[in-house]
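Residues per chain, in single letters:
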Amino acid sequence: MQIVANIIVLTSLYALVASGYVLVYKVSRVLNLAHGELMILGAYLLVATSAGITSDPLIAIALTAVFSIIVGLSVYLLLMREMTGQPVLAAVLTTVALGILLRGAMVLIWGPQQLNVASMLSFENASVVLTDSIRVSTASLWLVICTVVVYLGLLAFLHMSRWGMRMRASGQNPLLAAQRGINLHTVYALAWTLSTFSGSIAGVLVALDSRLDVNMAVIGLKAFPAALVGGLDSLHGALIGAGVIAVLEVLLIHYVNPLLSDVVPFLVLIAILIVRPWGLFGTKEELNRV
Amino acid sequence: MTDILEITDLEVTYQRSILALHGVNLRVAKGQITSLLGANGAGKSTTLRAISGFIGLDNARVNAGRVRFLGEDITGLQLPRTIHKGIVLVPERDKVFTNLTVAENLEVVATSREEGSKWQQIEEEIFVYFPRLAKLRNKPAGLLSGGERQMLAIGGALVCRPQLLLIDELSLGLAPVIVDEIIERLREVHAKTELSMLLVEQSAAVAFALASYGFVLENGKVELEGATEDLRSNQKVLDLYLGTGSTGRADYLANARRRFEERANV
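Being a predicted model, the structure only gives us computed values, none of them experimental.

The rules behind the values
Residue numbers run consecutively from 1 along every chain, following the written order of its sequence. Chain letters start at A and ligand numbers start at 1, both assigned in the order the entries are written. Per-residue local features are limited, in this predicted model, to residues with pLDDT of at least 70; the limit for side-chain atom pairs, both in listing and counting, is 80 or more; totals at the level of whole chains, interfaces and linings are taken over all residues. Just so you know, side-chain values use all the structure's heavy atoms and leave hydrogens and water out. Going along the chain from the N terminus, every DSSP run of H or I of four or more residues is numbered as a helix, and every run of E of two or more is numbered as a strand. Taken over C-alpha atoms, the radius of gyration is set against a globule rule of 2.2 Å times the number of residues to the power 0.38. For every residue, the accessible area obtained with a 1.4 Å probe (protein chains only) is divided by the maximum for its type, and the residue is called buried under 20%, exposed over 50%, and partly exposed between those limits. Whether two residues are in contact is decided by their heavy atoms: any pair within 4.5 Å suffices. Once two parts are put together, the accessible area they lose, assessed with a 1.4 Å probe and summed over both, is termed the buried area. Counted as salt bridges are all cases of a side-chain nitrogen of Lys or Arg within 4 Å of a carboxyl oxygen of Asp or Glu. Whenever a nitrogen or oxygen atom comes within 3.5 Å of another N or O atom, the pair is scored as a polar contact, on the condition that within protein one atom can donate a hydrogen and the other can accept it, and that pairs from neighbouring residues in sequence are kept only if both atoms are in side chains. Whether two strands pair depends on DSSP finding at least two bridges between them. Axis definition: a line fit to C-alpha positions, over the contact stretch in the case of helices; interaxial angles, taken between N-to-C directions, run 0 to 180 degrees. Any angle from 65 to 115 degrees is called roughly perpendicular, while one under 35 is roughly parallel, one over 145 is roughly antiparallel, and all others are oblique. Three classes are used, and their members are as follows: Ala, Val, Leu, Ile, Met, Phe, Trp, Tyr, Cys and Pro are nonpolar, Asp, Glu, Lys and Arg are charged, and the others, Gly among them, are polar. For Phe, Tyr and Trp, where Trp contributes only its six-membered ring, two rings pair if their centres lie within 6.5 Å, and the inter-plane angle classes them as stacked under 30 degrees, edge-to-face over 60, or tilted in between. UniProt positions are given in the numbering used here, feature names are shortened, and annotations may be inferred rather than shown by experiment.

## Remarks on the overall build of chain A
Now for step 1: Scanning chain A for helices and strands turns up 12 helices and 2 strands.
Now for step 2: From first element to last, N terminus to C terminus, chain A shows the α and β order α-α-α-α-α-β-β-α-α-α-α-α-α-α.
Now for step 3: For 290 residues, the compact-globule formula gives about 19 Å, and the C-alpha radius of gyration of chain A, at 19 Å, lands near that figure.
Now for step 4: Taken along its principal axes, the extent of the C-alpha atoms in chain A is 60 × 45 × 35 Å.
Now for step 5: Residues classed as buried in chain A amount to 52% of the 290 residues present.

Put into structure tokens, the structure is as follows:
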């Protein structure tokens, strides 16, 4: 049974990170390859907040959430805004550059060594006994809860609020959205903000669960197959894609070889790209009718 | 009668070099429906896009000339500011959000001022004009037929509260019986609201059925203009757009072929 708990926790992690990829892609067709770095930046912001502003874990996390919103908004306003109307490839390459820059900046500021964020915040990551045979860490439990809340919130926002509707509309047909008076910059800024926010939550919880160093940005890369397997523009697809990858990863680690853990997501990625390149629930890119 | 829109000597280039309009002059009278006729590539859509505002993606620019709307110079004004002025375009292609339902397609464009009950009222208004849409309100727009999409697109544009409605290719690709229905609906809208419209068409029959005044565009220039009755009896229009004259059409086709071959040789 422990294995089921592990699968659920890993699914939550991948799903939470993947939601960030999906949001930005769904709305602007840009693949944000700096998402892993932005996620880890969220965790480093927590380090900075707890060291410089307050040592109360709850206030520090709340402040980190606010800072992550500011970071997401700044990334759009200062960088990605200029890429609106440019070829998508230019925008994607900009995110690659952003990722490399962020990685370098984080090493410069916080150093290459591992940080124990939980102890800095005096957060006790005790393991919670759910039943006799199932134990999960407190941070993992929070991760599952946050993922559920974020997904319910995002789905409700996208389908019930007017700005959510505008985000879906702009992703499908940006020109028509502009012709109907929807301000694309507002919509894109919203997508980047929400994406960075959910990514930062994931980063903070991962850092609390283990240690924090810059190389953990690779989790972002591992969650990317989850988004792609589900279909890059489908939020519930990302959830299911995350599930597929988590199941395979946990089972292979358990029954075959733990060394496989890093390659599993990419094996699934290659398999899905061959069979169904637009993902399980994604929109098949159509050629324009002439 | 005052003109709501007045275009003088408008020149538009694409990608800094391709001249699409060479000095277009046209006017839309307030409260009237005006048509703009022309064949493929005559510059009709470009004219509409120049009025409703280009976006960066278009790589198009107004080189010369003036566009005046309600007496105000709006030349080169970009989206979404043209919408705020009251100019709304129904584009030729991709005119609905296919992943949104019919009701969402209408709601998505409404400004934040129109929440709640007032919004309901606007939605009902659109469904009165297009009863067919009311039955489809929860259906994704991607599943609608061409005619239903056109109605939804017009409905969506009307939600934006336009003072001037621009419609690009009202009848293109639609079955005649659907075109008749849409014409009927637009007449109703016009009778009730006296909305000024500029209608781009390839079919003279459709243009004449709705408009009271018309312009004929050819190779980026207005070749002919006049009241619908005058245009209806004009030999050239008959030849080119109603297909009633045989010689004129043959001449036109021969000319077109020659131009095409010249271009191919270059």
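## Here we look at the interface of chain A and chain B
Now for step 1: Contacts between chain A and chain B engage 20 residues on the former and 31 residues on the latter.
Now for step 2: Overall, the association of chain A and chain B removes approximately 2200 Å² of surface from exposure, summing both partners, and the carbon and sulfur fraction of that is 53%.
Now for step 3: Of all residues in chain A, the largest losses of buried area upon contact with chain B belong to Arg162, Gln179 and Arg180 of chain A, amounting jointly to 35% of the total for that side.
Now for step 4: Here chain A is connected to chain B by 2 salt bridges.
Now for step 5: The interface formed by chain A and chain B includes 8 residue pairs in polar contact (both at pLDDT 80 or more).

## Observations regarding the pairing of strand 10 (residues 221-227) of chain B
All names here are of chain B.
Now for step 1: Taken together, the 6 bridges between strand 9 (residues 213-218) and strand 10 define a ladder with antiparallel strand orientation. For tyrosine 213, the partnering residue across the bridge sits in strand 10 and is alanine 227.
Now for step 2: Turn length for the strand 9-strand 10 hairpin, with the two strands adjacent in sequence and antiparallel, is 2 residues, and the turn residue asparagine 219 shows positive phi of about 45 degrees.

## Details of the packing of helix 6 (residues 138-160) of chain A against helix 7 (residues 162-172) of chain A
When two helices pack together, their arrangement is given by the angle between their axes and by how far apart the axes lie.
Residue and element names in this part refer to chain A.
Now for step 1: Packing of helix 6 against helix 7 leaves a shortest axis separation of 5 Å and a crossing angle of 80 degrees. By the angle between their axes, helix 6 is roughly perpendicular relative to helix 7. Contact with helix 6, carried on its side by Phe157, Leu158, His159 and Met160, involves Arg162, Trp163, Gly164, Met165, Met167 and Arg168 of helix 7 and no other residues of that element.
Now for step 2: Residue classes in the contact of helix 6 with helix 7 are distributed as 6 nonpolar, 2 polar and 2 charged.

## Remarks on the pattern of salt bridges
Residues and elements named next belong to chain B.
Now for step 1: This structure, assessed with the given rule, holds 17 salt bridges over all chains.
Now for step 2: The partner of glutamate 169 in a salt bridge is lysine 44, and the shortest N-O contact between them spans 3.5 Å. Of the two residues, glutamate 169 sits in the loop between strand 7 (164-168) and helix 7 (176-193) while lysine 44 sits in helix 1 (residues 44-52), which places them 125 residues apart along the sequence.

## Brief notes about the sheet that holds strand 6 (residues 87-90) of chain B
Backbone hydrogen bonds are what pair the strands of a sheet, in a parallel or an antiparallel way.
All names here are of chain B.
Now for step 1: In spatial order, the strands read 6-7-8-3-9-10; together these 6 strands make up an open sheet with mixed pairing. With partners counted over all chains shown, the strands left at the sheet margins are strand 6 and strand 10, one partner each. Put simply, the sheet's adjacent strands are angled 15 degrees from each other on average, direction ignored.
Now for step 2: The sheet contact formed by strand 7 and strand 8 (residues 196-201) spans 5 bridges and is parallel. In the strand pairing of strand 8, leucine 164 is matched with serine 196.
Now for step 3: Across the sheet, helix 1 touches strand 3 (33-38), strand 6, strand 7, strand 8 and strand 9, and the angle it forms with strand 7 is around 150 degrees.

## As for the packing of aromatic side chains
Residues and elements named next belong to chain A.
Now for step 1: Scanning the entire structure with this criterion turns up 4 aromatic pairs over all chains.
Now for step 2: Ring geometry for tyrosine 44 and tryptophan 110: centres 4.7 Å apart, planes at 20 degrees, overall stacked. Note that tyrosine 44 is positioned in helix 2 (residues 35-52) and tryptophan 110 in helix 4 (residues 88-110), a separation of 66 residues in sequence.
Now for step 3: The class of tyrosine 44 is buried, set by a relative accessible area of 0%.
Now for step 4: Assessed through its relative accessible area of 18%, tryptophan 110 is described here as buried.

## What about the UniProt feature "transmembrane region" (unreviewed entry) in chain A?
Residues and elements named next belong to chain A.
Now for step 1: The UniProt record marks residues 6-24, 36-53, 59-79, 88-111, 139-158, 187-208, 239-257 and 263-281 with the feature "transmembrane region" (unreviewed entry), using the residue numbering of this structure.
Now for step 2: Regarding residues 6-24, the helix share stands at 100% and the strand share at 0%, and the terminal C-alpha atoms are separated by 28 Å.
Now for step 3: For residues 239-257, helix accounts for 89% and strand for 0%, while the C-alpha atoms at its two ends are 25 Å apart.

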